[in-house]
Amino acid sequence: MSDQITNAKSFVHGLALDGKGSGAATEKFARTDQPTWLHLDYSEKDCASILKSLELPENVIDSLVRQNTRPRTIVEKEGFLIFLRAVNLNPGDDPDDMVSLRIWLEENRLITVRQRRVFSIQDLRKELEDGRGPENIQDLFITIVERLADRISEYVDAIEEKVGDFEDSIETSNSNEVRIAVSSLRRQSAQVRRYLAPQRDALDSFYRQSKGFLNEEQVYDLHEQADRIVRYVEDLDLVRERCLVLQEELMNRIAQEQNARMYVLSIVAAIFLPISFVTGLFGMNVAGLPGIETPTAFNLVAGSMIVIVAGIIIYFKTRKWL
């Protein structure tokens, strides 16, 4: 069975913990007193058969290889089934398209299943290989949660920083470009929050049901990580509100610019409309127009238009329209 697992396409890595912070490659993944961590890729067809060979319940296997999942915690007789989400840092992918990480947790065995790479898992594997990792399965699980939260923290901080930059430069930036960028940030924060809110509930559910499985210090650490997720959800809610305020400010700015342009056009139209009427009236090609034979007629008409313009401007000044 060991060769079957390590040679499977779905096999990513398998480590045995020595209880001192180190992990070495192993081929033994059955239920034993030796803490082991097996990491699989559920997109490969042989993943379900590998999980079945590890004597996992059928309903657990179906959940681990299911295509679409949402963060939640399920308590089984043999262990805990936990679904989490990680920020997608794979090249060419959008970070807000969060990666699903499925976890089967037992006393001395941890099985993690994913489709796309989770960089937090890779970092933790390296720490174990370097002798700087957790000492047991419970600490390993909490460390995974912590590493996922660290990546989420960096992503949320980056979004908040971008929103702050837009707030500082809103008066000098191009309104259309800022509006498009703010709309994109708002969509990204909504997509991340979509998974963080149930992830908060999943960790809280595990926290409440893990008494007896975790010691007091581990319970405290897990509660701290759940609180972090709560804070990130609140931060994303604040980002959404700030984006709404920015969008309203941009709309007001655009409306003010349009009103200023319409104001100028209205002033110009009000000034030149009487002049256009006079020029149109005296430009008619009909007989009987006065002044046709008078040399001073043009000066009189031009002077009357100047008087009309001056009168309109004085009227606007009096009404404080200018």
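Residues numbered from 1 in each chain as written. Predicted model: local features only at pLDDT ≥ 70, side-chain atom pairs only at ≥ 80, totals over all residues. Heavy atoms only, no water.

> Explain the overall build of the chain here, please?
When helices and strands are tallied, the chain shows eight helices and seven strands. Over its C-alpha trace the chain gives a radius of gyration of 35 Å, far above what one expects of a compact globule, namely 20 Å for 322 residues. Overall size of the chain, expressed as C-alpha extent along the three principal axes, is 120 × 40 × 35 Å. Taken over 322 residues, the chain has a buried fraction of 43%. Accessible area for the chain stands at about 17600 Å²; split by element, carbon and sulfur atoms hold 52% of it. One finds the centroid of the 39 positive side-chain charges in the chain at a distance of 5 Å from the centroid of its 50 negative side-chain charges. (Helix = DSSP H or I, 4+ residues; strand = E, 2+ residues; numbered from the N terminus. Rg over C-alpha atoms; globule rule 2.2 N^0.38 Å. Buried < 20%, exposed > 50% of the residue type's maximum accessible area, 1.4 Å probe, protein only. Areas by Shrake-Rupley, 256 points an atom, 1.4 Å probe, with all protein chains shown as cover. Lys, Arg positive; Asp, Glu negative; His and termini not counted. Charge placed at Lys NZ, Arg CZ, Asp CG, Glu CD.)

> Looking at this structure, I do not really get empty space enclosed by the protein. What am I missing?
The gaps of empty space that remain are located by a probe, the size of a water molecule, rolled over the atoms. As enumerated under the stated definition, the model contains one cavity of 30 Å³ or more in all. Roughly 30 Å³ of internal volume is contained in the largest cavity. If you trace the largest cavity, you find it lined by Ala-86, Val-87, Leu-89, Val-118, Phe-119, Ser-120, Leu-148 and Arg-151. Of all the secondary structure elements, the ones that give two or more residues to the lining of the largest cavity are helix 4 (119–129) and helix 5 (137–169). Taken together, the residues of the lining of the largest cavity break down into six nonpolar, one polar and one charged. (1 Å grid on protein atoms, 1.4 Å probe; cavity = no way out; pocket = protein on both sides within 12 Å on 5 of 7 lines; lining within 4 Å. Points joined across faces, edges and corners; volume = space filled by probe spheres on them. Nonpolar A, V, L, I, M, F, W, Y, C, P; charged D, E, K, R; others polar.)

> I would appreciate a short explanation of unusual backbone geometry in the present structure.
For residues that are not glycine, phi is negative in most cases, and the peptide bond is trans in most cases. Of note, Glu-55 is a non-glycine position whose phi angle comes to about 65°, a positive value. Looking at the secondary structure, you find Glu-55 in the loop between helix 2 (47–53) and helix 3 (58–64).

> Looking at this model, I keep getting lost on helix 6 (residues 175–209). Mind explaining?
Spacing of three or four residues puts side chains on the same side of an α-helix, whose turn is 3.6 residues. When the terminal C-alpha atoms of helix 6 are compared, their 51 Å separation across 35 residues agrees well with the 51 Å that a helix rising 1.5 Å per residue should span. Of all the bends found along helix 6, the most pronounced is centred on Arg-193 and spans about 25°. (Expected span 1.5 Å × (residues − 1). Bend = angle between axes of the 7 residues up to and from the residue.)

> Help me understand the sheet that holds strand 7 (residues 109–114), please; the structure alone is not making it clear to me.
Two orientations exist for strands paired in a sheet by backbone hydrogen bonds: parallel and antiparallel. The strand order across the open sheet built from seven strands is 2-1-3-7-6-5-4, with neighbouring strands paired in mixed fashion. Across the chains shown, the open sheet's two edge strands, defined by having one partner strand only, are strand 2 (23–25) and strand 4 (72–75). Sheet twist, expressed as the average angle between the axes of neighbouring strands with direction ignored, equals 20°. (Pairing = 2+ DSSP bridges. Axes fitted to C-alpha atoms, helices over the stretch in contact; angles between N-to-C directions.)

> Even after reading the chapter, I still don't get the environment of Pro-71, so can you show me in this structure?
Relative to the helices and strands, Pro-71 resides in the loop between helix 3 and strand 4. With a relative accessible area of 7%, Pro-71 lands in the buried category. Sequence separation between Pro-71 and Leu-203 is 132 residues; the distance between their C-alpha atoms is 8.8 Å. Leaving out residues up to four positions away in the same chain, Pro-71 has contacts with Phe-83, Arg-85, Tyr-195, Pro-198, Gln-199 and Ala-202. (Contact = heavy atoms within 4.5 Å.)

> I would appreciate a short explanation of the nonpolar core in the present structure.
Here is a general trend for soluble globular proteins: nonpolar side chains tend to be buried in one another's company. Judged by nonpolar contacts, the single largest core of 54 residues is most densely connected at Trp-37, Ile-103, Leu-105, Leu-140, Phe-141, Ile-144 and Phe-206. Among the secondary structure elements, those contributing two or more residues to this core are strand 1 (11–17), strand 5 (80–86), strand 6 (99–105), helix 4, helix 5, helix 6 and helix 7 (216–282). A total of 14 residues in this core trace back to one element, the largest contributor, which is helix 5. What Ile-144 contacts, discounting residues up to four positions off in sequence, is Trp-37, Leu-101, Ile-103, Leu-110, Thr-112, Ile-121 and Leu-124. (Core = buried A, V, L, I, M, F, W, Y, C linked by side-chain atoms within 4.5 Å.)

> Looking at this structure, how should I read the packing of aromatic side chains?
Each aromatic ring pair is characterised by the separation of its centres together with the angle its planes make. Counted by the stated rule, this structure contains five aromatic pairs. Plain terms: the ring middles of Tyr-315 and Phe-316 are 6.3 Å apart, the flat faces sit at 50° to each other, and that makes the pair tilted. Here the aromatic cluster, defined as three or more aromatic residues joined through ring pairs, consists of Phe-80, Phe-141, Phe-206 and Phe-213. (Phe/Tyr/Trp six-rings, centres within 6.5 Å; stacked < 30°, edge-to-face > 60°.)

> Could you clarify how one ought to interpret the side chain of Asp-41 in this entry?
Turning to its location among the elements, Asp-41 is positioned in strand 3 (residues 36–41). Side-chain polar atoms of Asp-41 contact the side chain of Arg-114, separated by 3.4 Å. (Polar contact = N/O pair within 3.5 Å; in protein donor to acceptor, adjacent residues only side chain to side chain.)

> Which parts of the structure should I look at to understand a negative patch on the surface?
Taken together, the side chains of Glu-154, Asp-157, Glu-161, Asp-165 and Asp-168 define an acidic patch exposed on the protein surface. Topologically, Glu-154 is positioned in helix 5. (Patch = residues over 30% accessible without salt bridge, like charges linked within 9 Å, V, L, I, M, F, W, Y side chains within 5 Å. Salt bridge = Lys/Arg side-chain N within 4 Å of Asp/Glu carboxyl O.)

> Which parts of the structure should I look at to understand the pairing of strand 5?
Moving residue by residue along a regular strand, the side chains alternate between the two faces of the sheet. With respect to burial, strand 5 is a largely interior element, seven of its seven residues being buried. On strand 5, burial covers both faces: Phe-80, Ile-82, Leu-84 and Ala-86 on one face and Leu-81, Phe-83 and Arg-85 on the other are all buried. Here strand 4 pairs with strand 5 via four bridges, running antiparallel. Paired with Arg-72 across the bridge in strand 5 is Phe-83. In sequence, strand 4 turns back onto strand 5 through a hairpin of four residues. Bridge analysis of strand 5 against strand 6 gives seven bridges, and the strand direction is antiparallel. From the neighbouring strand, Ala-86 faces strand 6, where its bridge partner is Val-99.

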